[in-house]
Amino acid sequence: MRRFGFLFAAGEVPLARDASARFLPWLIAFMVYLAALALLAAVAMDAMAARWQGDLQGRLTVQVPAPGDPTNAQARQARLDRTVEALLQTPAVIEVEVLARGQTASLLEPWLGEAARAPELPVPDLIAVTLRRADAGLGDLAQRLEAAVPGATLDDHQRWLARLFALAGSIELLAFLVVALVGAAAIATVIFVTRTGLAIHRQVIELLHVMGARDLYVAEQFQGHALRLGLAGGLLGAAAATLTVLGVAWLLRGEQSLLLPSIRLGWLAWALLIALPPVTGLVAMLTARWTVLRTLARLP
Amino acid sequence: MIRLEEVSLRYGEGPQVLRRVGCHLEPGSFHYLLGASGAGKSSLLKLLYLAQRPSDGRVSLFGRDVARLTRRDRALMRRRIGVVFQDFRLIAHLSAFENVALPLRIAGEPEHRVRSQVSELLSWVGLKEAMEALPPTLSGGQQQRVAIARAVIGRPSLLLADEPTGNVDDRIATRLLYLFRELNRTGTTILLATHNEALAARMPQPRLRLVEGKLKEEPADTPPAEPAAPIPTEATGAGAR
Ligand SMILES: Nc1ncnc2c1ncn2[C@@H]1O[C@H](COP(=O)(O)OP(=O)(O)OP(=O)(O)O)[C@@H](O)[C@H]1O
Ligand SMILES: [Mg+2]
């Protein structure tokens, strides 16, 4: 118990009265807030990419171009039949669903409005294909489709997924960059504040030293102080970030969008928010300890 | 207990404060350290309480060369040395009680022992009523007694006192001298720096005299310099090595 006394005890160095005790928590809170938002963005982006991948895995979309005369329903149907037949001959395929003209039209409606339903529009037909397994081999399906209906294309969504992952990856990278920069700034601030404290209280510290205090005796007073300030700042910052995200989610409530990352706090997000304050406190504490020990090593 | 060999001290590019000084003080001894203002008494004590490294030469305490101690052992050695600083160095925001308690806290004494020992000693030096007072609210003499109490609370083997009677009247000065003698009788080695020849004459003990950076030993029975006279130009009975 004695070993952790520094967590609560004030000690002889009157750090709690320094100006740093007032401004440091706010400064740290601001930095933690930025870091938390960056981390939450990365987590949301990652979740969205994972959701898309889960939805699209083992699924293909086949596009069958419309016949020369888009209004010719018979020709359209014949082309679809040939395509479906080619698909069903493939062992990996377990389900084939031809999207009704109406479904395709409603996909286009946001862009074309009522015109999307016009029969003369040369809209390709879409066939959703489900595979037995995500990585099932398709053999020469692409060629057979081309043979069945020239121009029919097979889309396994890999290109779209790859771009989505690239985007998610860069946002994550950016987030980690922000966290690293903010962390470095926070550490530099704690070092600076600790050095200032050492200078302000130089006389008391030298006295303790001359009386035979180990460097740790002084370091513990500083690290306890830094831990308390770091924890306070971390709590403030994490709370502000939580409120921000919940606020944005509330503003966007009811908005359904496939492309917006889900604005909910998943377990990972909560875990990050809960971990941030103690991590901040710990980093502040270790930084202060290291700074004090390094500085005191210069005393005889 | 204390051995200086060829010790020199110079602050940066300043003048040489100590010039190849040597001396040996036995355990249990009681010496005055005399010398004019600026002679280097405080500087010599600083070497002995390990707040300053000599520019040259060897300082040994408790039979060990201090330059060769580990950092940890130096800290432990400092705990065996009580220091009364010329400027007291009381911590202004801590009560007299907390100031005196410092060495015990540093040594990790349990709280109940700290309470009883500090109260007892403060009563003994006549500061029972001032225990909770902050040093700036105490008189110079009271502060000095707090400083002395702090120096002796840890029962040091070596007590270094720098002008410990500078701020008190003759009556209290004599009382403090008796306190030091009592401590000395219980085994504490004492080195008391002062420029007050009259004080040293009141209770004769062997003396070390600093003159122009050199240290000379004088036995206790050396006739004292005239109390009111200016500092002698020539040290009598020089026993320097
Ligand atoms: N930290 C320091 N840096 C530079 N010079 C110093 C330092 N401390 C003392 N000196 C110089 O060393 C010399 C001796 O000073 P010191 O304080 O040891 O004298 P003293 O004998 O204790 O004097 P006093 O009786 O007035 O206390 C003086 O010339 C002083 O200017
Ligand atoms: Mg002096």
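Residues numbered from 1 in each chain as written. Chains lettered and ligands numbered in written order. Predicted model: local features only at pLDDT ≥ 70, side-chain atom pairs only at ≥ 80, totals over all residues. Heavy atoms only, no water.

Side note on the overall build of chain B
- Secondary structure summary: chain B contains seven helices and 10 strands in total.
- A compact globule built from 241 residues should have a C-alpha radius of gyration of about 18 Å, and chain B, at 18 Å, falls within 12% of that.
- Considering only C-alpha atoms, chain B reaches an extent of 50 × 45 × 35 Å along its principal axes.
- Counting over 241 residues, chain B shows a buried share of 50%.
- Across chain B, contacts joining residues at least 24 apart in sequence account for 65% of those joining residues at least 6 apart.
- Surface summary for chain B: the accessible area is close to 11200 Å², and the carbon and sulfur share equals 49%. (Helix = DSSP H or I, 4+ residues; strand = E, 2+ residues; numbered from the N terminus. Rg over C-alpha atoms; globule rule 2.2 N^0.38 Å. Buried < 20%, exposed > 50% of the residue type's maximum accessible area, 1.4 Å probe, protein only. Contact = heavy atoms within 4.5 Å. Areas by Shrake-Rupley, 256 points an atom, 1.4 Å probe, with all protein chains shown as cover.)

Observations concerning the coordination of the magnesium ion (ligand 2)
Residues and elements named next belong to chain B.
- At 1.9 to 2.2 Å from the magnesium ion (ligand 2) lie its protein donor atoms, namely S42 (OG) and Q86 (OE1). Of the two residues, S42 is situated in helix α1 (residues 41-48) and Q86 in the loop between β6 (81-84) and α3 (96-106); the sequence distance between them amounts to 44 residues.
- Judged by relative accessible area, S42 falls into the partly exposed class, the value being 25%. (Donors = N, O, S within 2.8 Å, 3.2 Å for Na, K, Ca; no water.)

Some remarks on the site of ligand 1
Residues and elements named next belong to chain B.
- The environment of ligand 1 is formed by 13 residues, the closest being S37, G38, K41, S42 and S43.
- Here G40 contributes a backbone N or O atom positioned 2.9 Å from an oxygen atom of ligand 1.
- Side-chain polar atom of S42 to an oxygen atom of ligand 1: 2.7 Å apart, as the coordinates give it.
- In isolation ligand 1 exposes 630 Å². Once the protein is present, 60% of that is buried.
- The element contributing the most residues to the shell around ligand 1 is α1, with four residues.
- Its residues placed into classes, the shell around ligand 1 shows four nonpolar, seven polar and two charged. (Near = heavy atom within 4 Å. Polar contact = N/O pair within 3.5 Å; in protein donor to acceptor, adjacent residues only side chain to side chain. Nonpolar A, V, L, I, M, F, W, Y, C, P; charged D, E, K, R; others polar.)

Some remarks on the domain arrangement of chain A
- For chain A, the assigned domains are domain 1 (2-53 + 161-298) and domain 2 (66-151).
- Here the C-alpha centre of domain 2 of chain A lies 54 Å away from the C-alpha centre of domain 1 of chain A. (Domains from an automatic or database assignment.)

Let's talk about the sheet that holds strand β5 (residues 64-65) of chain B
Residue and element names in this part refer to chain B.
- Sheet architecture is open: four strands sit in the order β2-β1-β4-β5, paired in antiparallel fashion. On the outer flanks of this sheet lie β2 (16-25) and β5, each paired with one strand and no other.
- Summarising the sheet, strand β1 (residues 2-10) and strand β4 (residues 56-61) pair through five bridges and their orientation is antiparallel. The partner of R3 across the bridge, within β4, is S60.
- Relative to the sheet, α1 contacts β1, β2 and β4, its axis offset from that of β1 by approximately 120 degrees. (Pairing = 2+ DSSP bridges. Axes fitted to C-alpha atoms, helices over the stretch in contact; angles between N-to-C directions.)

What about a nonpolar patch on the surface?
Residues and elements named next belong to chain A.
- On the surface, V248, W250, L251 and L252 cluster together into a nonpolar patch covering about 400 Å² of accessible area.
- Along the chain, the position of W250 falls in helix α7 (residues 215-251).
- The exposure class assigned to W250 is exposed, which follows from its relative accessible area of 53%. (Patch = residues over 30% accessible without salt bridge, like charges linked within 9 Å, V, L, I, M, F, W, Y side chains within 5 Å. Salt bridge = Lys/Arg side-chain N within 4 Å of Asp/Glu carboxyl O.)

What about the packing of helix α6 (residues 202-210) of chain A against α7 of chain A?
Residues and elements named next belong to chain A.
- Close contact between α6 and α7 brings their axes to 9 Å; oriented N to C, the two are set at 145 degrees. Counted together, I205, L208 and H209 of α6 and D215, Y217, V218 and F222 of α7 form the full contact between these two elements.
- The residue makeup of the contact of α6 with α7, split by class, is five nonpolar, one polar and one charged.

Examining the interface of chain B and chain A
- Facing the 23 residues of chain B at the interface are 19 residues of chain A.
- Roughly 1900 Å² is buried in total at the junction of chain B and chain A, and carbon and sulfur atoms are behind 62% of that figure.
- Of the charged contacts in the structure, one is a salt bridge between D215 of chain A and R71 of chain B, with a shortest N-O distance of 2.6 Å.
- Those elements that provide at least two residues to the side of chain B that touches chain A are α2 (71-78) and α3 of chain B.
- If you tally residues by element for the side of chain B that touches chain A, the top one is α2 of chain B, at five residues.
- Across the side of chain B that touches chain A, the residue classes tally to 10 nonpolar, three polar and 10 charged. (Buried area = accessible area lost by both parts, 1.4 Å probe.)

Considering unusual backbone geometry
Residue and element names in this part refer to chain B.
- Here the phi dihedral of E6 falls at roughly 50 degrees; this positive angle occurs in a residue that is not glycine.
- Structurally, E6 can be placed in strand β1.
- Notably, R20 is not glycine yet its phi reads approximately 40 degrees, a positive angle.
- With respect to the helices and strands, R20 occurs in strand β2.
- Residue classification places R20 among the exposed residues on the basis of a relative accessible area of 52%.

Remarks on the packing of helix α5 (residues 158-200) of chain A against helix α8 (residues 267-296) of chain A
Residue and element names in this part refer to chain A.
- Two elements in contact, α5 and α8, have axes whose closest approach is 9 Å; the angle formed by their N-to-C orientations is 45 degrees. When the axis of α5 is compared with that of α8, the two are oblique. Of the two possible hands of crossing, α5 and α8 adopt the one that is right-handed. Mapping the contact onto sequence places I187, V190, I191, T194, R195 and L198 in α5 and V283, A284, T287, A288, W290, T291, V292, R294 and T295 in α8.
- Partitioned by chemical class, the residues of the contact of α5 with α8 number nine nonpolar, four polar and two charged. (Parallel < 35°, antiparallel > 145°, perpendicular 65-115°, else oblique. Left-handed = near helix turned anticlockwise from the far one by under 90°.)

Side note on the side chain of D162 of chain B
Residue and element names in this part refer to chain B.
- For D162, the location among the structural elements is in strand β7 (residues 158-162).
- One buried charged side chain, D162, makes no salt bridge at all; its nearest oppositely charged neighbour is K41, positioned 6.5 Å away.
- Engagement of the side chain of D162 in a polar contact is seen with the side chain of S42, the distance being 2.6 Å.
- Residues contacting D162, with those up to four places away along its chain left out, are S42, L45, V84, F85, Q86 and A193. (Lys, Arg positive; Asp, Glu negative; His and termini not counted.)

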